[in-house]
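Take a look at the letters that make up each chain.
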Amino acid sequence: MRAIHCVWAGAAALLVAAALLVGRNTPPAERPVFLVDQGKPFNGGVRVIDGESKRVMPPWRPRIAVPLETVPAKPLLRFSIGLLPTDEPTRIRFTISLRRGEESGRVVYARELSSAGWVNGDVDLADLDLGGASLLFEKEVVTGRPEQLANAAWGNPTLLPRPPRRAMSVLLISIDTLRADHLGVYGYAAARTPTLDALARDNVWYARSYSASLWTYPSHASLLYGLYPASLPSPAVAAGYEADPSRPRPKPLPELFRDAGYVTAAFTGGGFLSDKWAFPVGFNTYFMFQQPAASTQGCDPKRFDGSLTFGKAREWLRRQGNNPFFLFVHTYDAHDRCPVWPKDLPWYEPFPDPGPAGRGRVIAHYDRLIAKVDGLVNGLLEELATLGLADDTIVVVTADHGEALWGHGAFGHGCALTPYDGVSRVPLIVRAPGVAQKGRVDQVVSAVDVAPTLLALAGLHRPADMEGDLLPGLGLESRRGSRPVYVQCGDKLAVRFGDHKLITDRQSPASAVLYNLERDAAEATDVLAEESGAGAVLQQYAVEYWRRGASENSAQGADTADLSDATRERLRALGYVE
């Protein structure tokens, strides 16, 4: 069953006449004009069809006129038309006309749609006289009831400049559940990761990089906001449904880039990266893989999202041309446990240590999955090169968390586990064209450092509320010196500072343990008693962390009640819900 739903914003738009286009703070010839941003009358919210959400003009309005007072140079109008599935035959005619005053206008686009889905369209306006003109977007029911008109929408209508302005684009790749020490460049002899290893060696990679949490939702939210879990906005606040006048809503990376004139898109494995948790905020296009119900049985190959999500990302790149973009790509393919999970053990039960042979089988499966994802990354990077975009694109590859492989008696990830390095240390590789330094950086860094670093590399302003620092090794000047790095999951907190790592619990701080990772990389010996001075410093850092804000957002903020059928199937297949 397809996940199909609509989220509407700006209900007052029904009562307001069409507003004039408002120019941005840069020359109009240099940046796109997103028509759905040009005032509430055009803002119809977001429509999701078959897992792909787009920002739309109000679907309930059959005619929307957009005065062309501010347009890019030689504009190309790019848009999508979409139709929700219906239980009865439906055909909708979409028409775009160029009009002046009361003239009947010139039709520049017309198409009828009878099948559910999104269809892309382009209209070249470069050679047309646009002075004093308006674009009229119209919809008409050809077959079906008049009410069916609301099932049709104009998605992401955008005026693109040609040629596009020169600016650094961004490709951010997250490989779900990838622990750092299973890549060759991080020292894993059995690795089959030639793409990631070469990307790291030829650019900059961080040997001591930590996720912000131990599971998908808070880790990715921290990555995109540059905030630790204790400071993250709730999904409702992030989506703009529950505004706090005393505290401005923080903006995630895609929204900051879109505000700066970038085209933004994401292609994800869905699940905890679904729209329920406000991840589409800031993205013009946001794809969420939908788990086929049948694939939760018998390890159906359709459970894998990587080929589809990376394939869609490649298609999107081909269509964007040289327009500066922010592209986020995510896959769960390294997360899969289906063929190695004990047959009689429910997904939500702990996976007991299966002994040396069993561990070997699980790890071999995990390594095969990582090798497969390495190939997907290779294809995406080759696409960049083929399109001539590699020299103008910053590339970051990381993960949201690792995977415990019984090193401390547990398997998996999440807040039931202790934040040892196996589940909290993740790869972080950065390719920034023009950066001279290559190779390994040993300074301890966090996922929250990615957002401010990408803004700095692109020459964009960093919001004051971002908690991350600028990543070292990229020629950027840090605002701060040495500072602690945190990993939080529920009440559990790891604090890494220098060679030491404190693991504590907010409800029982007396249970804290301290490891000296320079001497004890396996985190086997508690040195809190003998190195009490270092322990006291890290414990104070932990106290300061808990003062940051509503720490419950990191765990309880991802309520799994009221899920769509498709999202619930996806989470069930990933082992998160019964």
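Structure's up top.
Residues numbered from 1 in each chain as written. Predicted model: local features only at pLDDT ≥ 70, side-chain atom pairs only at ≥ 80, totals over all residues. Heavy atoms only, no water.

A. Seen up close, the sheet that holds strand E8 (residues 106-113). The antiparallel open sheet is built from 4 strands, whose spatial order is E5-E10-E7-E8. Only two strands of the sheet have a single neighbouring strand rather than two, namely strand E5 (63-67) and E8. Between one strand axis and the next, the sheet turns through 15° on average, direction left out of account. Where strand E7 (residues 91-99) lies against strand E10 (residues 134-143), 9 bridges are found, and the strand directions are antiparallel. Across the sheet, Thr 95 pairs through a bridge with Glu 138, a residue of E10. (Pairing = 2+ DSSP bridges. Helix = DSSP H or I, 4+ residues; strand = E, 2+ residues; numbered from the N terminus. Axes fitted to C-alpha atoms, helices over the stretch in contact; angles between N-to-C directions.)

B. Representation of the nonpolar core within the structure. Membership of the largest hydrophobic core comes to 78 residues, with the highest contact counts inside it found for Tyr 206, Phe 257, Phe 326 and Leu 454. With sequence-adjacent residues up to four places away left out, Tyr 206 is seen in contact with Tyr 186, Leu 428, Val 430, Val 441, Val 445, Leu 471, Pro 472 and Leu 474. Formed by 50 residues, the second largest nonpolar core is a distinct cluster that contains Leu 160, Val 340, Ile 370 and Phe 411. (Core = buried A, V, L, I, M, F, W, Y, C linked by side-chain atoms within 4.5 Å. Buried < 20%, exposed > 50% of the residue type's maximum accessible area, 1.4 Å probe, protein only. Contact = heavy atoms within 4.5 Å.)

C. Layout of the state of the cysteines. Tallied over the entire structure, the rule returns 2 disulfides. One disulfide bridge connects Cys 299 with Cys 338, the sulfur atoms lying 2.1 Å from each other. Since a negative S-S torsion denotes a left-handed disulfide, the Cys 299-Cys 338 link at about -100° is left-handed. Of the two residues, Cys 299 sits in the loop between strand E16 (285-288) and helix H5 (306-320) while Cys 338 sits in the loop between strand E17 (325-331) and helix H6 (355-386), which places them 39 residues apart along the sequence. In this model, Cys 415 is linked to Cys 489 through a disulfide, with the two sulfur atoms separated by 2.1 Å. On the S-S bond that ties Cys 415 to Cys 489, the torsion sits near -85°, and the link is left-handed. You can see Cys 415 sitting in the loop between strand E20 (411-412) and helix H7 (421-424) and its partner Cys 489 sitting in strand E24 (residues 485-489), a full 74 residues away along the chain. (Disulfide = S-S within 2.5 Å.)

D. Quick look at the packing of aromatic side chains. Scanning the model with the defined rule gives 26 aromatic pairs in all. Measuring from ring centre to ring centre gives 4.9 Å for Trp 215 and Phe 272, while their planes differ by 80°; the resulting arrangement is edge-to-face. With Trp 215 in the loop between strand E14 (209-210) and helix H2 (216-225) and Phe 272 in the loop between strand E15 (263-268) and E16, this pair connects stretches of sequence that are 57 residues apart. Accessibility expressed as a relative area gives 9% for Trp 215, which makes it buried. Consider the rings of Phe 257 and Phe 326, whose centres lie 5.1 Å apart with planes at 20°: the pair is stacked. Linking Phe 257 in helix H4 (residues 253-259) with Phe 326 in strand E17, this pair joins segments that are 69 residues apart in sequence. For Phe 257, a relative accessible area of 0% translates into the label buried. Since its relative accessible area comes to 0%, Phe 326 is described here as buried. Site record: aromatic cluster; members linked through ring pairs are Phe 79, Phe 94, Tyr 109, Phe 137 and Trp 154. (Phe/Tyr/Trp six-rings, centres within 6.5 Å; stacked < 30°, edge-to-face > 60°.)

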